[in-house]
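Single-letter residue listing:
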Amino acid sequence: MRKPASAIAVHGILILYTALALFPIILVIMNSFKARKAIFGAPLALPTPSTFSLIGYDKVFGDSSIVSYYLNSITATGGTIFFTLLFGAMAAWALTEYKFRWNTLLTLFLAVGIMVPIRLGSVAIIQLIVELNLINTLTALILVYTAQNLPLSIFILSEFIAQIPKDLREAGRCDGLSEYSIFFYIVLPLIRPAMATVAVFTMIPVWNDLWFPLLLAPTGGKQTITLGIQQFLGQYITDWNAVLSALSTAIIPVLILYVVFSRQLIRGLTSGAVK
Amino acid sequence: MADAKAGAGNAIVGMGRGSYAMLLVFFLGPAVVIYTVFSIYPLLATIFNSLYLRQPDGAYIFNGLGNFQTLLTDTTWSAPFWNAFRNNCYFFLIHMLVQNPIGLALAAMLSLPRLRFRATYRTLIFMPTMLSVVIIGFTWQLILSPLWGISKMFLNAFGLGFLFAPWLGQESTALITVSLISVWQFVGIPMILIYTALLAIPEELIDAATVDGLNQFQAFIWVKLPLIFPTIGLVSVLTFVNNFNAFDLIYAMKGALAGPNFSADIMGTLFYRTFFGNQLQLGDLSMGSTIATMMFLIILIGIMCYLFLIQRRMQRYSF
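What you see is a predicted model, and the numbers here were worked out from it, not measured in a lab.

Conventions we followed
- Once a new chain begins, its residue numbering starts again from 1 and follows that chain's sequence as written.
- Whichever chain is written first is A, and whichever ligand is written first is 1; the rest continue in order.
- In keeping with the model being predicted, local features are shown solely for residues with a pLDDT of at least 70 and side-chain atom pairs are shown and tallied solely at 80 or more, while totals for entire chains, interfaces and linings include all residues.
- Processing note: side-chain calculations cover all non-hydrogen atoms of the structure and skip hydrogens and water entirely.
- In this text, helices come from DSSP runs of H or I with a minimum length of four residues, and strands from runs of E with a minimum of two, each type numbered from the N-terminal end.
- The reference for a compact globule is 2.2 Å times residues^0.38; the radius of gyration itself is calculated from the C-alpha atoms.
- Burial status follows relative accessibility: with a 1.4 Å probe on protein chains alone, a residue under 20% of its type maximum counts as buried, one over 50% as exposed, and anything between as partly exposed.
- Note on definitions: a residue-residue contact is assigned when non-hydrogen atoms from the two residues lie within 4.5 Å.
- Only the protein chains shown count as covering a residue, and every accessible area follows the Shrake-Rupley method with a 1.4 Å probe.
- Under this rule, positive means Lys or Arg and negative means Asp or Glu; His and the chain ends count for nothing.
- The atoms used to mark charge sites are NZ of Lys, CZ of Arg, CG of Asp and CD of Glu.
- Axes here mean lines fitted to C-alpha atoms, for a helix over just the part in contact, with angles spanning 0 to 180 degrees between N-to-C directions.
- Each angle gets one of four labels, with under 35 degrees taken as roughly parallel, over 145 as roughly antiparallel, 65 to 115 as roughly perpendicular, and the rest as oblique.
- Each crossing gets its handedness from the near helix: less than a right angle anticlockwise from the far helix is left-handed, clockwise is right-handed.
- Three categories are distinguished: nonpolar for Ala, Val, Leu, Ile, Met, Phe, Trp, Tyr, Cys and Pro, charged for Asp, Glu, Lys and Arg, and polar for the others, with Gly belonging to the last.
- The rule for a salt bridge is simple: a side-chain nitrogen of Lys or Arg has to be within 4 Å of a carboxyl oxygen of Asp or Glu.
- The term buried area refers to how much accessible surface (probe radius 1.4 Å) is lost by two components on association, counted for both of them together.
- As used in this structure description, the phrase polar contact means that two N or O atoms lie within 3.5 Å; if the pair is within protein, one of them must be able to donate a hydrogen and the other to accept it, and residues adjacent in sequence are counted only when both atoms belong to side chains.
- Residues with no salt bridge and a relative accessible area higher than 30% make up the patches, which join like charges within 9 Å and nonpolar side chains (Val, Leu, Ile, Met, Phe, Trp, Tyr) within 5 Å.

Visitor: Explain the overall build of chain A to me, using residue names and the numbers behind them.
Guide: Looking only at helices and strands, one finds 13 helices and zero strands in chain A. Listed by position from the N terminus, the elements making up chain A come as α-α-α-α-α-α-α-α-α-α-α-α-α. Taking 2.2 N^0.38 as the reference for a compact globule, 275 residues should give roughly 19 Å; the C-alpha atoms of chain A span a radius of gyration of 23 Å, well beyond that estimate. For chain A, the C-alpha atoms occupy an extent of roughly 75 × 65 × 35 Å along the three principal directions. Classification of the 275 residues of chain A by burial places 56% in the buried group. Considering only contacts in chain A between residues 6 or more positions apart, those separated by 24 or more positions represent 72%. Roughly 11900 Å² of accessible area belongs to chain A as shown, and the carbon and sulfur atoms make up 70% of that amount. Averaging the locations of the 17 positively and 11 negatively charged side chains of chain A gives two centres separated by 12 Å.

In structure tokens, the structure reads:
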């Protein structure tokens, strides 16, 4: 960037692209705070005291079960993150620390799930969930999402566990700690940063997923927020206030989380996929 | 295998065989069971299902590869299948030709030395990628809607108002419009992956190139681009897998019937329609599984191509 002219050109292009990326999002959020007339009359104007209105939000939070859909999403995502991290870290520990007969084979077996999308097994997943009597439950979602996210989480956590100095574990063994204590009291606290990374990028796709909520928990009040919003939008398609507010209701929390966690997320994306 | 067994002794001194097995079961059991039951078993069972055919009395009989023959040759099945496959290829092609080059260009600009506000640009451009496809789909539906008129207003501002058309509603433009919306949303992924790869290139290489008289652009083309070839390969295979597995955006924007006269139908929506049924047909477990198995094969072929053609060749470039 020696010449100022090319620096300006690069900034110009980046600013234009950033505007293109943000424009639709800002447009929706901005108009969700306006009265119907202003939405159509001056869509590009910011809400002013005379055009400001929360009527759409009243509808979203009044007429529907959006709040309980949020709780469903939080439960499903939280449960998935918990089990993915716990079982993933346990398996990663065993695969890196203990050399047993089927180690390599098991690692390969688990690696299949990194590349092959679990969605392709949906027909049998539904049959299984029906058989287990778990249809329209969040348990079904947590189980499937955990299975979906375990392979990559094991893969990433293994790399971090392998970097823990051997002395630390050996010291624990010399002090007479059991293998279980070594894992839970020495290893687990040490891989917390890696677990944060895995948690953040498990969270986003699970929160945003439409497919499995649609298949496994489409009715009965156990809809996730993504599916709930989709169904809500289908019902209120002509009520622009309600549609724009419903969209904003779904966008804003994710944006806040994203801004808070963006560093972990981008680190996670790169460490997960490039290696 | 033999030395692996010997290694087992080293790992745990003074632990009995039984308690060592217990230890492995405790640590590996939950992950392996959940993964096997809810991921590997369903995949295998789906392939297995595709070999059976439902009889009028509700029983399933073994049909060998008959379902595949029906899918590929019987016109009631093959016409929608090839239509979805062709559309999916276009969907993928548009991502390869638009999304990945834009991602590459953005990454190249972001990785320029001494660029200010780098992190801000990166965070903001990546933002749409974070949002649910459902949200993105509806948002663009509103923006492109002739009712709201936002896009017409924009075109008018440039004197291009006559170009406006209900792009999502027209058979000839629905697929390309949906594809471009998907590109808009996911351009962040190639951008971030390529950006990270570019940052990993040692500074000295670029310094050496610029000392030799190359400008930033030439240094990018002749020095950096060959070095990030493996990442571009990875981005391509990820795009392939995601595209041939896509569903959410088309379903959110166009419903299960995928647009005017199936013009935006892809493998994912065809699979959903076939398995669950819709206004036009009853749900069919066997044919649904057959389509899922075809998707599995297509994705497998893509991954194999990557592993054999690109992964192998990239050894030469690694440093």
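Visitor: Which residues make up the overall build of chain B, and what are the values?
Guide: A tally of regular secondary structure across chain B gives 15 helices and two strands. In terms of C-alpha radius of gyration, chain B reaches 25 Å, well past the compact-globule figure of 20 Å for 319 residues. Dimensions of chain B, computed from the C-alpha atoms along their principal axes, are close to 65 × 65 × 30 Å. Taken over 319 residues, chain B has a buried fraction of 53%. Residue pairs in contact within chain B that sit at least 24 positions apart in sequence constitute 63% of those at least 6 positions apart. About 14800 Å² of surface is accessible on chain B, with carbon and sulfur atoms providing 68% of the total. With 15 positive and 11 negative side-chain charges, chain B shows a separation of 5 Å between the mean positions of the two kinds.

Visitor: So what about the packing of helix H4 (residues 66–97) of chain A against helix H2 (residues 17–49) of chain B? Which residues, and what values?
Guide: Running from amino to carboxyl end, H4 of chain A crosses H2 of chain B at an angle of 120 degrees, the nearest separation of the two axes being 8 Å. The pairing of H4 of chain A with H2 of chain B is recorded here as oblique in orientation. Here H4 of chain A runs over H2 of chain B; the crossing is left-handed. In this structure, H4 of chain A uses Phe-87, Met-90, Ala-91, Trp-93, Ala-94 and Leu-95 of chain A to contact H2 of chain B, whose residues at the interface are Phe-26, Phe-27, Leu-28, Pro-30, Ala-31 and Ile-34 of chain B. For the contact of H4 of chain A with H2 of chain B, the class distribution of residues is 12 nonpolar, no polar and no charged.

Visitor: Outline the pattern of salt bridges, supporting the account with residue identities and numerical values.
Guide: If charged atoms from side chains of opposite charge come close, those side chains can pair. All told, the structure shown has seven salt bridges over all chains when counted by the stated rule. A salt bridge links Arg-169 of chain A to Glu-97 of chain A; its shortest N-O distance comes to 2.3 Å. Of this pair, Arg-169 of chain A sits in helix H8 (residues 166–174) while Glu-97 of chain A sits in helix H4, and the two are 72 residues apart along the sequence. There is no split in this pair, since Arg-169 of chain A and Glu-97 of chain A are both buried. Close ionic contact of Asp-248 of chain B with Arg-119 of chain A constitutes a salt bridge, the shortest N to O distance being 3.0 Å. Residue Asp-248 of chain B is found in helix H13 (residues 248–254), and its partner Arg-119 of chain A is found in the loop between helix H5 (103–115) and helix H6 (122–131); the two belong to separate chains. The pair formed by Asp-248 of chain B and Arg-119 of chain A is uniform in burial state, with each residue classed as buried. One salt-bridge network, held together by shared partners, links Glu-97, Arg-169, Glu-170, Arg-173 and Glu-179 of chain A.

Visitor: With reference to specific residues and values, describe the interface of chain B and chain A.
Guide: Interface size, as often reported, equals the accessible area lost upon joining of the parts. Listed by partner, the interface residues are 93 residues for chain B and 94 residues for chain A. For the pair chain B and chain A, the summed buried area comes to about 8700 Å², and 81% of that belongs to carbon and sulfur atoms. Area buried by chain B at its contact with chain A is led by Phe-27, Phe-38 and Trp-148 of chain B, which between them contribute 10% of it. Inspection of the chain B/chain A interface yields 13 residue pairs in polar contact (both at pLDDT 80 or more).

Visitor: Before we move on, could you go through the side chain of Gln-230 of chain A and cite the residues and values that matter?
Guide: Within the secondary structure layout, Gln-230 of chain A lies in helix H12 (residues 225–235). Owing to a relative accessible area of 12%, Gln-230 of chain A belongs among the buried residues under this scheme. Here Gln-230 of chain A is in contact with Leu-210 of chain A together with Val-134, Tyr-251 and Ala-252 of chain B, once residues within four sequence places are set aside.

Visitor: I'd like to hear about a nonpolar patch on the surface, residue by residue, with values.
Guide: Taken together, the side chains of Leu-44 of chain A together with Met-153, Phe-154, Phe-158, Leu-160, Phe-162 and Leu-163 of chain B make up a nonpolar region of the molecular surface, amounting to roughly 720 Å² of accessible area. Within the secondary structure layout, Leu-44 of chain A lies in the loop between helix H2 (36–41) and helix H3 (55–63).

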